[in-house]
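For reference, the chains in residue letters:
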Amino acid sequence: MTDAELMKEAFAARKMSYCPYSGFAVGAALLAKDGRVYRGCNIENAAFTPTNCAERTAFFKAVSEGVRSFTKIAIAGGRADQTETDLCAPCGVCRQVMMEFTDPDTFEILLGKSETDFQIFKLRELLPLGFGPKNLE
Ligand code: THU
């Protein structure tokens, strides 16, 4: 799975976004170490706080199926009526979930404007001094 293919998965996942309140559609594609891809979209709620981000949807799908080792995640988010987007960086809660299940020095976060135009960050860059499982050892 190339980075471009993973980003294509994120844009496909974005089409499933349920975002009637914000109109902001996000898709994520999480690549597991075994090669499987877990798609996620944001899922909003009339009560607002139950809303789940695309990234966490992807992580929770994988973890709930027993998969806990990941290499990278591709993310695409922007106004639902637009096909190309600005970079959509993951929220703090999603970065914290990534910290739980990945090595922040190697796990990659691909932020896409389109299926072929994206930037790559390490989780450590987006969550410096993050608190994670190692702090509790
Ligand atoms: N959202 C995500 O799904 N991922 C992000 O990285 C940022 C925000 C969602 C949550 C909400 O449904 C909408 O985008 C607007 O905040």
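Described in the following lines is the structure provided in the data block.

Procedures and definitions
- Residues numbered from 1 in each chain as written.
- Predicted model: local features only at pLDDT ≥ 70, side-chain atom pairs only at ≥ 80, totals over all residues.
- Heavy atoms only, no water.
- Phe/Tyr/Trp six-rings, centres within 6.5 Å; stacked < 30°, edge-to-face > 60°.
- Helix = DSSP H or I, 4+ residues; strand = E, 2+ residues; numbered from the N terminus.
- Buried < 20%, exposed > 50% of the residue type's maximum accessible area, 1.4 Å probe, protein only.
- Core = buried A, V, L, I, M, F, W, Y, C linked by side-chain atoms within 4.5 Å.
- Contact = heavy atoms within 4.5 Å.
- Expected span 1.5 Å × (residues − 1).
- Arc of directions from axis to C-beta.

**Concerning the packing of aromatic side chains**
Counted under the stated rule, the structure contains three aromatic pairs. Their ring planes at 65 degrees and their centres at 6.2 Å tell us that Phe 59 and Phe 107 sit as a pair that is edge-to-face. With Phe 59 in helix 2 (residues 54–63) and Phe 107 in the loop between helix 3 (92–101) and strand 4 (108–112), the pair connects residues that are 48 residues apart, well separated along the chain. The same class applies to Phe 59 and to Phe 107, which are both buried.

**Let's talk about the nonpolar core**
Counting residues in each nonpolar core, the largest one holds 25 residues, and the members touching the most others are Leu 30, Phe 59, Phe 70, Ile 73, Met 98, Phe 107 and Ile 109. At the level of elements, strand 1 (24–32), helix 2, strand 3 (70–79), helix 3, strand 4 and helix 4 (123–126) are the ones that each hand at least two residues to this core. Those residues within four positions of Ile 73 in sequence are excluded, and the remaining contacts are Leu 6, Ala 28, Ala 29, Leu 30, Glu 55, Phe 59, Met 98, Phe 107, Glu 108, Ile 109 and Leu 110. One finds Leu 6, Ala 10, Ala 29 and Leu 110 within the second-largest nonpolar core, a separate group that totals nine residues.

**So, helix 1 (residues 3–14)**
Helical geometry: 3.6 residues make up each α-helical turn, so side chains three or four residues apart lie on a common side. Between its first and last C-alpha, helix 1 extends 17 Å over twelve residues, near the 16 Å set by a 1.5 Å rise per residue. Along helix 1, the residues classified as buried are Leu 6, Met 7, Ala 10, Phe 11, Ala 13 and Arg 14. Across the axial projection of helix 1, the buried residues extend over an arc of 160 degrees, all falling on one side. Its buried side turned inward, helix 1 meets strand 1, strand 2 (37–41), strand 3, strand 4 and strand 5 (118–122).

Nothing here speaks to function; it is geometry throughout.
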